[in-house]
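Architecture at a glance
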Amino acid sequence: MDTSALHVVESVPPNGVANQDDIQLGQLGYKPELKRSFSLLSMIGFSFAILTCWTALGTTLSSAMLNGGPAALLWGWIGVCFFTVFVVLSMAEICSAFPVAGGQYSWVLLVTEFKPWGRGLSYATGWIQLAGLLCMGSTALFQVGTMIAGLAILNADDGGSYEAKNWQVVLICWATCVLCVLINMFGNHILNRFNDVALWWSVIGFVITTVVVLAVTPGKRDAGFVFTSTINSSGWNNLGMAVILGILQSAYGMCCYDAPAHMSEEMHNASRDAPRAMVLSVVIGFVTGLVYIIALLFCLVDLDAVESTATGVPLLEIFYDATNSRAGASCLLVITLVCSFNAANALLTEGSRSVFAFARDGAMPFSAWLGKVDGRLNVPVNALVVSAVFQCAFVAIYFGSEVAFLTVLSIATVGLYVSYLLPIVALMIHGRDNFTPGYYSLGRTWGWLSNVLGSVYLVFTTVFFFFPTALPVTGSNFNYCIAAFGITALFGIVSWVVTGRKNYIRKIEVSHGVDVDETKYVGVESLDEK
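Residues numbered from 1 in each chain as written. Predicted model: local features only at pLDDT ≥ 70, side-chain atom pairs only at ≥ 80, totals over all residues. Heavy atoms only, no water.

By the naming in an unreviewed UniProt entry, the chain goes by Hnm1p and is assigned to Lipomyces orientalis.

**A word on the overall build of the chain**
Heads up, the rule is: Segments assigned H or I by DSSP are reported as helices when at least four residues long, segments assigned E as strands when at least two residues long, and all are numbered from the N terminus. Within these notes, the globule rule equals 2.2 Å times the number of residues to the 0.38 power, and the radius of gyration is based on C-alpha atoms. Any two residues having at least one pair of non-hydrogen atoms within 4.5 Å are treated as being in contact. Method for areas: the Shrake-Rupley scheme with a 1.4 Å probe, in which residue coverage is limited to the protein chains shown. Working convention for charge: Lys and Arg count positive, Asp and Glu count negative, and His plus the chain ends are omitted. By convention, the point assigned to a charge is CZ for Arg, NZ for Lys, CD for Glu and CG for Asp.
Scanning the chain from terminus to terminus reveals 21 helices and two strands. Here the C-alpha atoms of the chain give a radius of gyration of 23 Å, agreeing with the 24 Å that 2.2 N^0.38 yields for 530 residues. Expressed along its principal axes, the backbone C-alpha trace of the chain runs to roughly 70 × 45 × 40 Å. Residue pairs in contact within the chain that sit at least 24 positions apart in sequence constitute 79% of those at least 6 positions apart. When the accessible surface of the chain is totalled, it reaches about 19800 Å², and 67% of it is carbon and sulfur. The averaged location of the 33 negative side-chain charges in the chain is 6 Å from the averaged location of its 24 positive side-chain charges.

**Topic: helix H7 (residues 116-154)**
Using the following cut-off: To estimate how far a helix should reach, multiply one less than its number of residues by 1.5 Å. Burial classes follow relative accessibility: with a 1.4 Å probe on protein chains only, a residue under 20% of its type's maximum area counts as buried, one over 50% as exposed, and anything between as partly exposed.
End to end, H7 covers 57 Å across 39 residues, agreeing with the expected 57 Å (1.5 Å per residue, within 8%). Burial of H7 is extensive: 32 of the 39 residues sit out of reach of the surface.

**What about the environment of Asn19?**
By the secondary structure assignment, Asn19 is in the segment before helix H1 (20-27). Separated by 224 residues in the primary sequence, Asn19 and Val243 place their C-alpha atoms 50 Å from one another.

**Topic: the confidence of the model for the chain**
What counts, and what does not: Values of pLDDT, which run from 0 to 100, indicate the predictor's confidence residue by residue.
Summing up the model confidence of the chain, the mean pLDDT is 87 and the portion of residues at 70 or higher is 92%. Low confidence marks residues 518-530, where pLDDT is under 50. Its contacts with residues over four positions away, or in another chain, come to 20 contacts.

**As for the state of the cysteines**
To be explicit about the condition: To count as a disulfide, a pair of cysteine sulfur atoms needs to be within 2.5 Å.
According to the stated counting rule, one finds zero disulfides in the structure shown. No disulfide involves Cys481; its sulfur sits 9.4 Å from that of Cys135, the nearest cysteine. Cys481 sits in the buried class, given a relative accessible area of 0%.

The following block contains the structure:
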């Protein structure tokens, strides 16, 4: 795409000094409103704080054991990461050309060069992307809540009879979210340093927990159990289906590597370093995840105790079995707990930037209000607060039903995976020959190879995320993901019909200087009024 054909807006950032990043953003039709403070290292820390594959895999270990067992988890992780490389390379190439906070939905719009079908697909991508990000934020809050509750159960002096109530977990999640809001709102000027620390905490914590568990666990499992054994407790007669469902746990662990794209308007050298951060976070995630899986599987001595642990946190049971000490197990879990908090904090940041960007393009109700940046704090405060409210609302589902809340986790992964798929598919449909790359280019051969293999993988995982996780299907194990995804799609369609096809299309036409035809907008409030 030739960006010289776009409507260029004023490229003056909050500090009054324009640089190449701000000039490029202006060429894409957006005014710089956010302060650029993130370096490559801090952005890798930000992205890996969200990705933290080793902690995510630890929290889903029990589900993976029931569906395929150790072999499915280990080799599934390697397979997932192999195909993820093609996905992240495809996304990084597009991000390099279009480093804007909107990320995936903006990419669809820009790679299709504002074609009518691209505009509609962009709008749909935006709602799917937001659903995925906000749901993923709520799952990170939930991990913090369950870990704190698990620690309380383990250390209770009542003979092990204490049981954390659902409402207690939800309140912990809400308190965590409030703290994240305060950090994001008033600590934005040090957020880059915060993520530097988060990166080192995660890496050092990974080393400490891995070494300690391997060193102190008595009677470790043999290599046959770790590398070749399978378990099928899902009810599916076909082991292959159980293995596929187990692999999906790895797909959940390798997600959210789009984070640097949504922070690109706050990065130095965004066209170069945002794609680097995306790819490097996947590489670091693969290595740490693989080592952690192998370590945990060797130390998974009592599988039944891990699956039925009273703490509700299988990873905490593994730590306790290894150390035979409440204090030792608690210390190890606190390391993981801090990583989960960092993930929750970063996901709120990422989600708020996506809400801000979507509102900036006139795609949401109250767009003018949501798309406003606080001049003193350099933060889209309204988008931040609304994102937090939605995350808390999703967590509140746990008040009524644990099964229903698991749907939130599925929507998080499916929503993000579909949002990864759509810009890649849009690029292939519009034609790679019509795409002008940025700092990085995959070239014709590697570009098509990455786009095709990445798309096949994303379609495969998305389809199977809708399958029942266990048979026979009952009210307690029903997979509501497809129903929730359908509600999200219906909401997007209604929004498109009511306001999107007018306000969103008009806003992007005016801001990007494309095919402006005011006769199409008779009766629609003016952009100034919005």
